[in-house]
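Given next are the chains, with one letter for each unit.
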Amino acid sequence: MVGGRRFRPGGGFGRQLDEYETTADAPPSTVSPEPPTGGLVDSAVYVRGHRFASPSGLAETFRCLQEQDGAMAWIGLYRPDIEQITSLAREFRLHDLAVEDAINAHQRPKLERYGHTLFVVLRAASYDDVREEVEFSELHLFIGPGFVITVRHGEVPDLAAVRRRMETDAPMLARGPEAILYAILDQVVDGYAPVVAGLENDIDEIETQVFGGDPNASRRIYGLSREVIQFQRAARPLLTVLNALADGASSAGTDEELRRYLRDVTDHLIQVVERVDGFRHLLQNILTVNATLVSQQQNEEMRSLTAASYAQNEELKKVSSWAAILFAPTLIGTVYGMNFVHMPELNWRFGYLFALLLMLLVCGTLYMIFKRRGWL
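Calculation rules
Residues numbered from 1 in each chain as written. Predicted model: local features only at pLDDT ≥ 70, side-chain atom pairs only at ≥ 80, totals over all residues. Heavy atoms only, no water. Pairing = 2+ DSSP bridges. Helix = DSSP H or I, 4+ residues; strand = E, 2+ residues; numbered from the N terminus. Axes fitted to C-alpha atoms, helices over the stretch in contact; angles between N-to-C directions. Core = buried A, V, L, I, M, F, W, Y, C linked by side-chain atoms within 4.5 Å. Buried < 20%, exposed > 50% of the residue type's maximum accessible area, 1.4 Å probe, protein only. Contact = heavy atoms within 4.5 Å. Expected span 1.5 Å × (residues − 1). Polar contact = N/O pair within 3.5 Å; in protein donor to acceptor, adjacent residues only side chain to side chain. Phe/Tyr/Trp six-rings, centres within 6.5 Å; stacked < 30°, edge-to-face > 60°. Salt bridge = Lys/Arg side-chain N within 4 Å of Asp/Glu carboxyl O.

Chemist: Which parts of the structure should I look at to understand the sheet that holds strand 7 (residues 147-152)?
Modeler: Within a sheet, each strand pairs with its neighbour through backbone hydrogen bonds, oriented either parallel or antiparallel. The strand order 2-1-3-7-6-5-4 describes an open sheet built from seven strands, whose pairing is mixed. This sheet does not close on itself; its edge strands, each paired only once, are strand 2 (50-53) and strand 4 (110-114). When the angles between neighbouring strand axes are averaged without regard to direction, this sheet yields 25°. As defined by bridge partners, strand 3 (residues 71-78) adjoins strand 7 across six bridges and the pair is classed as parallel.

Have a look at this one:
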């Protein structure tokens, strides 16, 4: 148990995707909490795996590193300014392209070799339980003979925890900059586990929404699909980085124990990538099912509207038929009610009876016609 985390047998720092063990008896750390503002977070010089000095600035770090043989500097920066990056580039002879990437950020995960210096870009992720969203941040590392420089452009990963863990394992830290690189990689990959769990929970909730007929399900599926795609862009390229590191470690004769740790991190990342790929396919299927259910619901609504429209038309036919039937005697009565002097049948003895019979005849005829057509 080192730094509040259980190591695998043999001193490795890999762990399973869903294991999170903490202990209360972890030794206190000398690492100060990271400030919210940009600049130098922590700078330390290590000799044979032990913290030899804790310089307060970059110039003091450079001087201490030059004065002590076999020393290794670990400089942690959080959103540094151009002056700090320029000072580090000048001291450790960092390549201009790598320095430009570290300043601008917004890079994809990658590994670049510039002589004896490695430049690594990582995309860390965290899950916000309150907003149910995945947040991403960027981490740049410069790894060279006797130095490690970390440049964070976000709140994760917690490099202070990595430093505490490494400082409590002097033999591991004594392995040099590569051990720090692998520890940071392990921290980033382990940080993917809560994100995977959060996304899985969101997908379960979306399935409930879809089959519950929630009209907002489509919007949430789309938003979650975007998060999964962004997560894929963060995790999948990291496999290429780890494979490149493994190839370089093999050709450079890197310590076999560190190579085991690297393979362990790669195994965990493969699990993450496979599960995230499954999430993306599952979301596509859920979106298809949701579209089908929405289409069925719309068809049901259309059938209901059609039935209502048909019933309304039938009622309208009846009303129109009776209106036409009642209009006929009204028309006849109106004609005979004009009271002109010179009107045919006005003085006829049977005129009144004729008008009534005419009304009944017209109404009966119209009734039979409408009845035969099914309007009544």
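Next comes the rest of the description.
Chemist: Could you clarify how one ought to interpret the nonpolar core in this entry?
Modeler: Soluble globular proteins: nonpolar side chains tend toward being buried together. Within the largest apolar cluster, 60 residues are counted, with the highest numbers of intra-cluster contacts made by Ile184 and Tyr192. In terms of residue count, the dominant contributor to this core is helix 6 (residues 177-211) (16 residues). Every residue in contact with Ile184, bar those within four places of it in the chain, is listed here: Trp74, Leu122, Leu139, Leu141, Thr150, Leu159 and Val162. Ranked by size, the runner-up nonpolar core spans 25 residues in total, among them Ile75, Leu77, Ile85 and Phe119.

Chemist: Please explain helix 6 as it appears in this structure.
Modeler: Helical geometry note: an α-helix holds 3.6 residues per turn, so side chains three or four residues apart project in the same direction. In this model, helix 6 (35 residues) spans 52 Å end to end at C-alpha, consistent with the 51 Å of a helix rising 1.5 Å per residue. Positive backbone phi, at 80°, marks Gly213, one or two positions downstream of helix 6.

Chemist: Quick question: what am I supposed to make of the pairing of strand 1 (residues 39-47) here?
Modeler: Two faces, one strand: in a regular strand the side chains alternate between the faces of the sheet. By the criterion of burial, strand 1 is predominantly enclosed, with eight of the nine residues buried. Sheet topology note: the strand 1/strand 3 ladder contains eight bridges and is antiparallel. The residue of strand 3 that forms the bridge with Tyr46 is Met72. Here strand 1 runs beside strand 2; their pairing, made up of three bridges, is antiparallel. Note on strand 2: the bridge partner recorded for Val47 is His50. Linking two consecutive strands that pair antiparallel, namely strand 1 and strand 2, is a turn of two residues; a positive phi of about 50° is found at Arg48 within it.

Chemist: Help me understand the side chain of Thr61 in this model?
Modeler: With respect to the helices, strands and loops of the structure, Thr61 is situated in helix 1 (residues 58-67). Thr61 sits in the buried class, given a relative accessible area of 0%. Within the structure, Thr61 has its side chain in polar contact with the backbone oxygen of Gly57 (distance 2.8 Å). The residues contacting Thr61, other than those within four sequence positions of it, are Ser43, Val45, Pro55, Ala73 and Ile75.

Chemist: Can you walk me through the packing of aromatic side chains in this structure?
Modeler: The geometry of an aromatic ring pair is captured by two quantities: the separation of the ring centres and the angle between the planes. Enumeration according to the criterion identifies six aromatic pairs in this entry. Arranged with centres 4.3 Å apart and planes meeting at 25°, the rings of Phe92 and Phe147 form a pair that is stacked. Pair noted here: Phe92 is in helix 2 (residues 82-92) and Phe147 is in strand 7, with a separation of 55 residues, a long-range link. Residue Phe147 is classed as buried on the basis of its relative accessible area, which comes to 4%. Aromatic pair Phe136 and Phe231: ring centres 6.4 Å apart, planes at 55°, arrangement tilted. Residue Phe136 is located in strand 6 (residues 133-144), and its partner Phe231 is located in helix 7 (residues 217-252); the two are separated by 95 residues in the primary sequence.

Chemist: How should the pattern of salt bridges be read in this particular structure?
Modeler: Close approach of charged atoms lets side chains of opposite charge pair. Under the defined criterion, the tally for this structure stands at 13 salt bridges. When the shortest N-O distance is used, the salt bridge between Arg131 and Glu135 registers 2.2 Å. For Arg220, the salt bridge is made with Glu132, and the minimal N-O distance between the two is 2.9 Å. Residue Arg220 is located in helix 7, and its partner Glu132 is located in the loop between strand 5 (117-128) and strand 6; the two are separated by 88 residues in the primary sequence. We classify Arg220 as partly exposed; its relative accessible area is 24%.

Chemist: Hey, could you run me through the pairing of strand 6 in this one?
Modeler: Within strand 6, nine of the 12 residues are buried, leaving the element largely enclosed by the surrounding structure. Remark: four residues form the turn of the hairpin made by strand 5 and strand 6, two consecutive strands paired antiparallel; Glu132 in that turn has positive phi of roughly 55°. The pairing of strand 6 with strand 7 spans six bridges and is antiparallel. Bridge assignment links Gly144 to a residue of strand 7, and that residue is Phe147. Two successive antiparallel strands, strand 6 and strand 7, enclose a turn made up of two residues, where Gly146 displays a positive phi of approximately 85°.

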